[in-house]
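The lines below spell out each chain.
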Amino acid sequence: MQSIIEEQETTNEELKSANEEIRSSNEELQSTHEELETAKEELQSTNEELTTLNKELQNRNLELNVANNDLLNLLASVNIPMLMLGNDLRIRHFTPPAEKLLNLIRTDVGRPISDLKPNFIFNNLEQSITDTIETMSVRELEVQDGHGGWYSMRILPYKTAENKLDGAVITWIDITALKASLVGTEKALSKVEERYRLLFERNLAGVFRATLDGRFLEVNSAFAKILGYATPAEVMALKVNDLYSSEQDVRAFLAQFKHAEGPVTFEFRMCRKDGRAVWVLTNAALVRAEGEHEGEIEGIVLDLTERMEAEESLRRLPGQLIETQDAERKRISLDLHDSTGASLTALVADLALVAKSATKMDKKARRALTESLNLAKQCSTEIRTLAYLLHPPLLD
C-alpha cells in the first residue's frame, strides 16, 4: 500500500512537472502565435506596399512606354537628320533621314560613332563631339556631302531632366539652297557695289560721306575738283569745317538734321584750295544703320558758282541797260548837235548868202529859195531841240 502511495505521489509530481512544462509550452506557443500575428500584419503591410509600388511601377512603365513611343514618333516625323549619342559616344537614337546621310541601319543602335562612315566630308567629328560634351558648349559647323550638298551641323550637349550631362545630340540642316542663294546674293551685291562705286567715282556731282563731328569718310573726284583739289585724298585729310567760309553756315547746316526726317537742301559758300569762295548746293541726309545712334551724313554737292554769277549778272543787267541807253542817247545827241546841227547851220548860212544875191532870179525861184531857207532854219532848230531832249546838259 505504501509503495502504491509513493508511486501515486511520484506520478502526481511528474504530472505537476508535465503540467508546468505544458503551461510553459503553451506560453511559448502563445508568444509564437503573437509573433506570427505580428509577422502576418507586417507581411500584409509589406504586401500592400509592394502592391502600391507595383502599381506605381506599372504607371511609370506605362508613362515610360508612352514617352518612348512619343520619342520614336517624334524622331520618325522629324524631317532632318538627327543623331543621339551617349557619353561613351555610342548611338542611342537617330531619325530616318540620318540613315542616308550617315549610312545607318536600325541595328546600328549601340554601335560607337567611330564605326560610322558618313556621306559627308568632316575629319574631326568624334573629337568635335568630345569637345562639346567636355565644354558643354554648342558647336555649329558647315559640312559638304559627296554630292555637293551643304549642311549646317550643330552639336549640342544632351542633358537629362536633372540637368545632368549624358551625351550629345547632332543635327544636320540642309542649307544647299540657302548656300546657292547666298552665292547669288553675294554676286548681285558685288555687282551693285561695283555699280555704286562707278556711279560714285564717275558722278559729275560731288558725292561725300561724313560723320557728324566733321570727319570725311569718303569723297569722289568731282567733290575734290569743285573745291580745287587734285585728288580725293587731299580732301580726306581735312575736316569738314576747314572747307566752310562761315562757322555759322556749318552750324545752320548741321542743325537741320536734328529734326529732319528726309534729305536736307542747303546753299552756302565753301572755300577752295586757292582761297576763293565757291557757291554750292548740298542735298544730304542723315543715315543711321541698324543699332547706330549717331549715324553719318551722305549727300551730293553741285557747283552753283556759274549760276550765282549769272544771277548776279541778271541783277546788274537793268542798270547796265540804263547806262548803255544813256550813253547811246548822249552819243546820238552829240552827233545831232555837233555834226548834223553844224551842217544845217552851214546850209542856212549858204542859203542866206544865196538869197542876198538872188536879185536876178525870177519870182518863183526866189520864193523856193526863201522856203528852203526857212525850212533849213526850222530843221536846225528841231535838231538842236532833239539833241537837248536826248541828253540835257544837266546830266553831265
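Residues numbered from 1 in each chain as written. Predicted model: local features only at pLDDT ≥ 70, side-chain atom pairs only at ≥ 80, totals over all residues. Heavy atoms only, no water.

**With respect to a positive patch on the surface**
The grouping of Lys363, Lys364, Arg366 and Arg367 at the surface amounts to a positive patch. With respect to the element layout, Lys364 can be found in helix H9 (residues 363-390). Note on Lys364: relative accessible area 65%, which makes it exposed. (Patch = residues over 30% accessible without salt bridge, like charges linked within 9 Å, V, L, I, M, F, W, Y side chains within 5 Å. Areas by Shrake-Rupley, 256 points an atom, 1.4 Å probe, with all protein chains shown as cover. Salt bridge = Lys/Arg side-chain N within 4 Å of Asp/Glu carboxyl O. Lys, Arg positive; Asp, Glu negative; His and termini not counted. Charge placed at Lys NZ, Arg CZ, Asp CG, Glu CD. Helix = DSSP H or I, 4+ residues; strand = E, 2+ residues; numbered from the N terminus. Buried < 20%, exposed > 50% of the residue type's maximum accessible area, 1.4 Å probe, protein only.)

**Remarks on the pattern of salt bridges**
Side chains that differ in charge, positive against negative, can pair when their charged atoms come close. Summed over all chains, the structure comprises 13 salt bridges. In this structure, Asp166 and Arg92 form a salt bridge, with 2.7 Å as the shortest nitrogen-oxygen distance. Of the two residues, Asp166 sits in strand S6 (residues 165-174) while Arg92 sits in strand S2 (residues 91-94), which places them 74 residues apart along the sequence. By relative accessible area, Arg92 is classed as partly exposed at 27%. Note that Arg272 and Asp274 form a salt bridge whose closest N and O atoms lie 3.6 Å from each other.

**Comments concerning the side chain of Thr95**
With respect to the helices and strands, the residue Thr95 is situated in the loop between S2 and helix H2 (96-102). Separated by 2.8 Å, the side chain of Thr95 and the backbone oxygen of Ile80 make a polar contact. A polar contact of 2.9 Å, which involves the side chain of Thr95, links it to the backbone nitrogen of Met82. (Polar contact = N/O pair within 3.5 Å; in protein donor to acceptor, adjacent residues only side chain to side chain.)

**Notes on the side chain of Arg209**
Mapped onto the elements, Arg209 comes out in strand S7 (residues 206-211). At 2.9 Å, the side chain of Arg209 and the side chain of Glu296 are in polar contact. If we skip the residues at most four places from it in the chain, Arg209 touches Tyr196, Arg215, Phe216, Leu217, Glu218, Glu296, Ile297 and Glu298. (Contact = heavy atoms within 4.5 Å.)

**Some remarks on the packing of aromatic side chains**
Taken as a whole, this structure holds three aromatic pairs when the rule is applied. Summarising the aromatic geometry, the rings of Phe120 and Trp172 are spaced 5.7 Å apart at their centres and angled 45° between planes, so their arrangement reads as tilted. Remark: Trp172 occurs in strand S6 and Phe120 occurs in strand S3 (residues 120-121); sequence separation between them is 52 residues. Accessibility expressed as a relative area gives 6% for Phe120, which makes it buried. Between Phe208 and Phe223, the aromatic rings sit 5.8 Å apart at their centres with planes inclined by 45°, giving tilted as the arrangement. Placement of the pair is Phe208 in strand S7 and Phe223 in helix H5 (residues 221-226), with a sequence separation of 15 residues. Connected via pairs of aromatic rings, a cluster forms that spans Phe208, Phe216 and Phe223. (Phe/Tyr/Trp six-rings, centres within 6.5 Å; stacked < 30°, edge-to-face > 60°.)

**Points about the sheet that holds strand S1 (residues 82-85)**
The strand order across the open sheet built from six strands is S2-S1-S6-S5-S4-S3, with neighbouring strands paired in antiparallel fashion. Looking at the sheet topology across the chains shown, the edges are occupied by S2 and S3. Two strands pair when backbone bridges link them, and S3 and strand S4 (residues 139-145) are joined in this way by two bridges, in the antiparallel orientation. Residue pairing for S4: Phe120 is matched across the bridge by Asp145. Helix H3 (residues 125-135) rests against S1, S3, S4, strand S5 (150-159) and S6 of the sheet, and its axis sits at about 40° to S5. (Pairing = 2+ DSSP bridges. Axes fitted to C-alpha atoms, helices over the stretch in contact; angles between N-to-C directions.)

**Some remarks on unusual backbone geometry**
Residues other than glycine seldom take positive phi values, yet Asn103 does so here, at roughly 60°. Inspection of the secondary structure assignment puts Asn103 in the loop between H2 and S3. Despite not being glycine, Met136 shows a phi value in the positive range, around 55°. Relative to the helices and strands, Met136 is located in the loop between H3 and S4. For Met136, a relative accessible area of 43% corresponds to the partly exposed category.

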